[in-house]
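Below are the chains, spelled out letter by letter.
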Amino acid sequence: MARRITKSNLRPVLNYGNKETCPICGGSGWEMYSAPAEIYGGKMAQFAKKCSKCGGKRDEDVSGIPFSECDITRFNFKAYSVSIDGIKKIALSLVDNFEKWQNAGKGLYLWSKTPGSGKTFLASCIARSLMLKYGLQVKFITCPDYLNHVGDSYKRERGERDKSEIFRSCQLLILDDLGSQISRDWQSQELFRLINKRMSEGLITFYTSNMAPENLNLDDRTINRIVKSSITIQMPEESIRLKKARDEQDKFLQDIIGI
């Protein structure tokens, strides 16, 4: 069963159980501190800085999250041309009240048709904040890579570890780019096995996709479980990644030639 988060087991940093792990940061490399945060309207919030004892020497980050420095305070909710205050409230609720989300068995389904809209980065920011705050076991993987792991497990020799099992049993999974998988019977069955097991055991999953859940090339039983176990959020249809790249180019030209 899923490890329930309560006030008694809430902790500010990771701890991998290593006896030689830094007593300040627990091996995460991050030391937690409190400061006013704009995202919380100037109220106090937790931040992470390089550990003052070990200098940020981290245990291996096995989460697979593709962004090395991300947490909920680093996501720019003001970067869009439209207000996403509703999405911001949901994101902060997940970080601040995770026990309620876990008890309800609810994760997130973030989607938009536009590449670079921030769905993967937002999922990663929320997940890393949860990892730091509660010591959760978090895993990130794209849907095609997960299916490749499963395919490899079919070929493994007897006694070899099934590398796909960790994604079915971790406390929080980010399944990125759902919908890009090739539609084959065994792939559909394996996605159902993953999603059904996590839902039945109360394990939280964040999905990202370029399509609404009802448009996924999956059978109804799988789609129904995705919808039941996650809150669907459509991100604005604009590329923040492209906007950031253009802003960086403009700044470079301004600094170099003054235009």
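Above this text is the structure in question.
The structure presented is a predicted model; accordingly, all values stated were derived computationally and were not measured.

Visitor: Mind showing me how you'd approach the sheet that holds strand 7 (residues 230–234) here?
Guide: Paired through backbone hydrogen bonds, the strands of a sheet run either parallel or antiparallel to each other. Taking strand neighbours across the sheet as the criterion, the five strands line up as 4-5-6-3-7 in an open arrangement whose pairing is parallel. A strand with exactly one partner marks an edge of an open sheet, and here the two such strands are strand 4 (138–142) and strand 7. Pairwise comparison of adjacent strand axes, ignoring direction, gives a mean angle of 15° for this sheet. Relative to strand 5 (residues 172–178), strand 4 is paired through five bridges, and the arrangement is parallel. Bridging across to strand 5, lysine 139 finds its partner in leucine 173.

Visitor: How do you make sense of the packing of helix 6 (residues 185–200) against helix 7 (residues 220–228) when you look at a structure like this?
Guide: Helix-helix packing is described using two parameters, namely the angle between the two axes and the distance between the axes. Where helix 6 meets helix 7, the axes come as close as 10 Å, and the angle between the chain directions of the two elements is 35°. The crossing of helix 6 and helix 7 is left-handed. On the side of helix 6, the interface is formed by Gln189, Phe192, Ile195, Asn196 and Met199, while helix 7 contributes Arg221, Thr222, Arg225, Ile226 and Lys228. Per-class residue counts for the contact of helix 6 with helix 7 are four nonpolar, three polar and three charged.

Visitor: What is the right way to read the nonpolar core from this model?
Guide: A general tendency of soluble globular proteins is for nonpolar side chains to be buried together. Grouped together as the largest cluster of nonpolar side chains are 36 residues, with contacts concentrated most on Ile72, Leu122, Ile126 and Phe206. Mapped by element, the contributors of at least two residues to this core are helix 1 (85–96), helix 2 (98–104), strand 3 (107–111), helix 3 (119–134), strand 4, strand 5 and strand 6 (204–209). Sort the elements by how many residues they give to this core and helix 3 lands first, with eight residues. Dropping the residues within four chain positions of it, isoleucine 126 is found in contact with Ile72, Ala91, Leu94, Val95, Leu108 and Phe206. Counting residues in each nonpolar core, the second largest holds 21 residues, with Trp111, Tyr207, Ala212 and Leu218 among its members.

Visitor: Looking at this structure, I do not really get helix 8 (residues 240–257). What am I missing?
Guide: Helical geometry note: an α-helix holds 3.6 residues per turn, so side chains three or four residues apart project in the same direction. Its 18 residues give helix 8 an end-to-end C-alpha distance of 25 Å, which sits within 8% of 26 Å, the value for a rise of 1.5 Å per residue. With one of 18 residues buried, helix 8 is to be regarded as a mostly surface element. The N-cap residue of helix 8 is serine 239: its side-chain oxygen and the backbone nitrogen of leucine 242 are 3.0 Å apart. Phi for glycine 258, located one or two positions after helix 8, is positive at around 75°.

Visitor: Hey, could you run me through the pattern of salt bridges in this one?
Guide: Between side chains of opposite charge, pairing is possible as soon as their charged atoms come close. Counted under the stated rule, the structure contains seven salt bridges. For lysine 133, the salt bridge identified is with aspartate 96, shortest N-O distance 3.9 Å. Of this pair, lysine 133 sits in helix 3 while aspartate 96 is found in helix 1, placing the two residues 37 residues apart along the sequence. You can call lysine 133 buried: its relative accessible area is 16%. When the shortest N-O distance is used, the salt bridge between glutamate 165 and arginine 168 registers 3.1 Å. A residue pair is termed a helical-turn pair when its members lie 3 or 4 positions apart in one helix, as glutamate 165 and arginine 168 do in helix 5 (residues 165–169) at three residues. By relative accessible area, which is 31% here, glutamate 165 ends up partly exposed.

Visitor: Would you mind showing me how to read the environment of threonine 205 here?
Guide: Position of threonine 205 relative to the elements: it lies in strand 6. The class of threonine 205 is buried, set by a relative accessible area of 5%. For the pair formed by threonine 205 and phenylalanine 140, sequence separation is 65 residues and the distance between their alpha carbons is 10.0 Å. For threonine 205, the side chain forms a polar contact with the side chain of arginine 198, separated by 2.7 Å.

Visitor: Got a minute to help me understand helix 3 in this structure?
Guide: Taking 1.5 Å per residue as the helical rise, helix 3 with its 16 residues ought to reach 22 Å, and the 22 Å between its terminal C-alpha atoms agrees with that figure. Summarising burial for helix 3: 15 of the 16 residues are buried, a large majority. Trailing helix 3 by a residue or two, glycine 135 shows a phi angle of about 65°, which is positive.

Visitor: Explain the packing of helix 1 against helix 3 here, please?
Guide: Contact pair helix 1 / helix 3: the axes reach a minimum separation of 9 Å and the direction vectors enclose 25°. As the angle between them shows, helix 1 and helix 3 are arranged roughly parallel. Taken as a pair, helix 1 and helix 3 cross one another with a handedness that is right-handed. Contacts from Ile87, Ala91, Leu94, Val95 and Asp96 of helix 1 reach helix 3 at Leu122, Ile126, Ser129, Leu130, Lys133 and Tyr134.

Visitor: Whenever I open this one, unusual backbone geometry confuses me. Can you help?
Guide: Among all residues save glycine, negative phi is the norm, and among peptide bonds the norm is trans. With a phi angle near 65°, aspartate 177 is a residue other than glycine that sits in the positive phi range. Here aspartate 177 shows up in strand 5. Judged by relative accessible area, which is 33%, aspartate 177 ranks as partly exposed.

Procedures and definitions
Residues numbered from 1 in each chain as written. Predicted model: local features only at pLDDT ≥ 70, side-chain atom pairs only at ≥ 80, totals over all residues. Heavy atoms only, no water. Pairing = 2+ DSSP bridges. Helix = DSSP H or I, 4+ residues; strand = E, 2+ residues; numbered from the N terminus. Axes fitted to C-alpha atoms, helices over the stretch in contact; angles between N-to-C directions. Left-handed = near helix turned anticlockwise from the far one by under 90°. Contact = heavy atoms within 4.5 Å. Nonpolar A, V, L, I, M, F, W, Y, C, P; charged D, E, K, R; others polar. Core = buried A, V, L, I, M, F, W, Y, C linked by side-chain atoms within 4.5 Å. Buried < 20%, exposed > 50% of the residue type's maximum accessible area, 1.4 Å probe, protein only. Expected span 1.5 Å × (residues − 1). Polar contact = N/O pair within 3.5 Å; in protein donor to acceptor, adjacent residues only side chain to side chain. Salt bridge = Lys/Arg side-chain N within 4 Å of Asp/Glu carboxyl O. Parallel < 35°, antiparallel > 145°, perpendicular 65-115°, else oblique.

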